[in-house]
Each structure stands twice: as structure tokens, then as C-alpha cells.
Amino acid sequence: PTAPRKEVRSKEYLLPLLEKLFEERPIWSRVALNCKTRADSGSLRSALSRIAYHFCSGPWKFSWIKFGIDPRTLPKYKWYQMVECKISRLRSTRSKAFQASDYSFTTSLIDDDVSRDTASSRVLPDHRANPKSYLLTADSTPHTARMTYQLIDIELDSVKQLISSNDGRETVCTKETGWFSAEILDKIRSEIRITLGN
């Protein structure tokens, strides 16, 4: 998509902030936007639909993409891919609400019924309380059985090296692994598990 639907409306005060954020970065995870804007989910979804779209599945699910950007066209967008990691030891029982499902590699303008994004929001905590909860650092702790991070928000040198390990050799973007091989993504997940104490 290159523009929003005409009928989309939102709270206007969010638009300038979101426009600024999407100038800084063309693709944001839903959790990061919750943290950055501190807006309620309904208002945020409505405002985002004015300036961005999202994939229902694939390497960029759970993220919002600026209109006019297709991350499947250039390898530089690999930094904005999302990676899910199953955590084996978890104190929270809320993780039981997470169930894996199959999704088609399609896009949507509004994430109401077509995306697992809305399902995940029912089991994730309110990220507005912690403005940096979207980041993965050496001190992070898991809060669900299936953690999801945007690669650019993983502040681990070992992961950054893995992301860069195929620089210049990205030949195809697949709906399963994006610009990476399955082997690289598995190594990234392993580093995440180590960091989170699994």
C-alpha cells in the first residue's frame, strides 16, 4: 500500500509524533510504538492506519511499515525483521495464552481481525509502563513464553554480528526467514535464550 483508506480516522495529536518516529525509522514494532507514544491501543491503531500498514505474517509481523516501503525489496530492511523465541522457563502463567498458528504472507491496513498482533496484545503486559521494554539487553527478563523482538532493538553484540554476517550475500527474501537463512535465525534465537537465562 502507498496510502491509507479514506475512511480511516484517528486522534490527531498522535500523528505528528508518529510521523517523526517513522522519519527516524521506516519500520517499528507494535511494542516499541506503544512504548514511544504511551497511547492506548485503539487510538494508536487508528493513527497508525493513516501512515503505515502491517504484514499479517512473515518476517515483519507484529510491526508497522511506513507507506511506500516494502521491506522485501532491499536487504537493508533485514534489520527490521521480527524474531520470535520460545522461552522454556517462565514464571508467568500468562504465557499459556500464546498458541502458534499458520498465517498467509499478506498485508493489512488495520490490524483488527486478520493479524495475530491483536491476539498477542491480550497476553502481553502494558508496555507503556516501561518505555524501554521493547529492547533486548543483557539485563532483560522474559514475561511470556514466546518473546518477540525487532532485530534492530536487540542490543547484544553477538546478535548484531549475526545480523551482519550475510552482508552483501542476501539474494532472496522468503516469507519464512526474510533476508536470512534459517541457520542464522536459529543462532539469533539461541543468543536470545542465553541472554534470557534459558
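Note that the structure is a prediction, hence the values are computed from the model and not measured. (Residues numbered from 1 in each chain as written. Predicted model: local features only at pLDDT ≥ 70, side-chain atom pairs only at ≥ 80, totals over all residues. Heavy atoms only, no water.)

The tally for this structure, following the rule as stated, stands at eight salt bridges. Residues Lys78 and Glu170 are paired through a salt bridge, measuring 2.7 Å at the closest nitrogen-oxygen approach. Placement of Lys78 in the loop between β3 (63-66) and β4 (82-86) and of Glu170 in the loop between α5 (157-164) and α6 (182-195) is noted, with a sequence separation of 92 residues between them. We classify Glu170 as buried; its relative accessible area is 16%. Salt-bridge contacts for Asp186 lead to Arg189; the nearest nitrogen and oxygen are separated by 3.2 Å. In this pair, Asp186 and Arg189 are both assigned in helix α6, three residues apart and thus about one turn of the helix distant. Since its relative accessible area comes to 46%, Asp186 is described here as partly exposed. Salt bridges here are not isolated pairs; linked through shared partners, they connect Lys78, Asp167 and Glu170. (Salt bridge = Lys/Arg side-chain N within 4 Å of Asp/Glu carboxyl O. Helix = DSSP H or I, 4+ residues; strand = E, 2+ residues; numbered from the N terminus. Buried < 20%, exposed > 50% of the residue type's maximum accessible area, 1.4 Å probe, protein only.)

With that settled, consider the packing of aromatic side chains. In total, this model carries four aromatic pairs according to the counting rule given. Here the aromatic rings of Tyr53 and Phe55 are separated by 5.9 Å at their centres, their planes lie at 70°, and the arrangement is edge-to-face. In this structure an aromatic cluster arises from ring pairing among Tyr53, Phe55, Trp60 and Phe67. Over the aromatic face of Trp28 sits the side chain of Arg25, whose NZ or CZ is 4.0 Å from the ring centroid. (Phe/Tyr/Trp six-rings, centres within 6.5 Å; stacked < 30°, edge-to-face > 60°. Lys NZ or Arg CZ within 6 Å of the ring centre and 35° of its normal.)

Glancing now at the nonpolar core. By size, the foremost hydrophobic cluster in this structure holds 19 residues, and its most contacted members are Leu18, Phe22, Leu33 and Leu48. Those elements that provide at least two residues to this core are α1 (14-24), α2 (30-37) and α3 (41-51). Sorting elements by how many residues they give to this core places α1 first, with five residues. The contact partners of Leu18, leaving out residues within four places of it in the chain, are Leu33, Thr37, Leu44, Ala47, Leu48 and Ile51. Within the second largest apolar cluster, 18 residues are counted, among which are Leu151, Leu156, Ile184 and Ile188. (Core = buried A, V, L, I, M, F, W, Y, C linked by side-chain atoms within 4.5 Å. Contact = heavy atoms within 4.5 Å.)

A few words on the confidence of the model for the chain. When pLDDT is averaged along the chain, the result is 80; 73% of the residues meet or exceed 70. Here residues 91-106 scores under 50 on pLDDT; set against residues more than four positions off or in separate chains, the count is 31 contacts. Counting contacts from residues 108-125, a segment whose pLDDT is below 50, to residues more than four positions away or on other chains yields 52 contacts. (pLDDT = per-residue confidence, 0-100.)

Turning next to the pairing of β3. Sheet topology note: the strand β1 (residues 27-29)/β3 ladder contains three bridges and is antiparallel. From the neighbouring strand, Ser29 faces β3, where its bridge partner is Ser63. One ladder, built from two bridges, connects strand β2 (residues 52-55) with β3; its direction is antiparallel. Looking at the pairing, Tyr53 lines up with Ile65 of β3. (Pairing = 2+ DSSP bridges.)

Looking now at the packing of α1 against α2. The contact between α1 and α2 brings their axes to 11 Å, and the two run at 125°. With respect to their mutual orientation, α1 and α2 come out oblique. Note on packing geometry: the crossing formed by α1 with α2 is right-handed. Every residue of α2 that contacts α1 at Leu14, Leu17, Leu18, Leu21 and Phe22 is listed here: Leu33, Lys36 and Thr37. Classifying every residue of the contact of α1 with α2 gives six nonpolar, one polar and one charged. (Axes fitted to C-alpha atoms, helices over the stretch in contact; angles between N-to-C directions. Parallel < 35°, antiparallel > 145°, perpendicular 65-115°, else oblique. Left-handed = near helix turned anticlockwise from the far one by under 90°. Nonpolar A, V, L, I, M, F, W, Y, C, P; charged D, E, K, R; others polar.)

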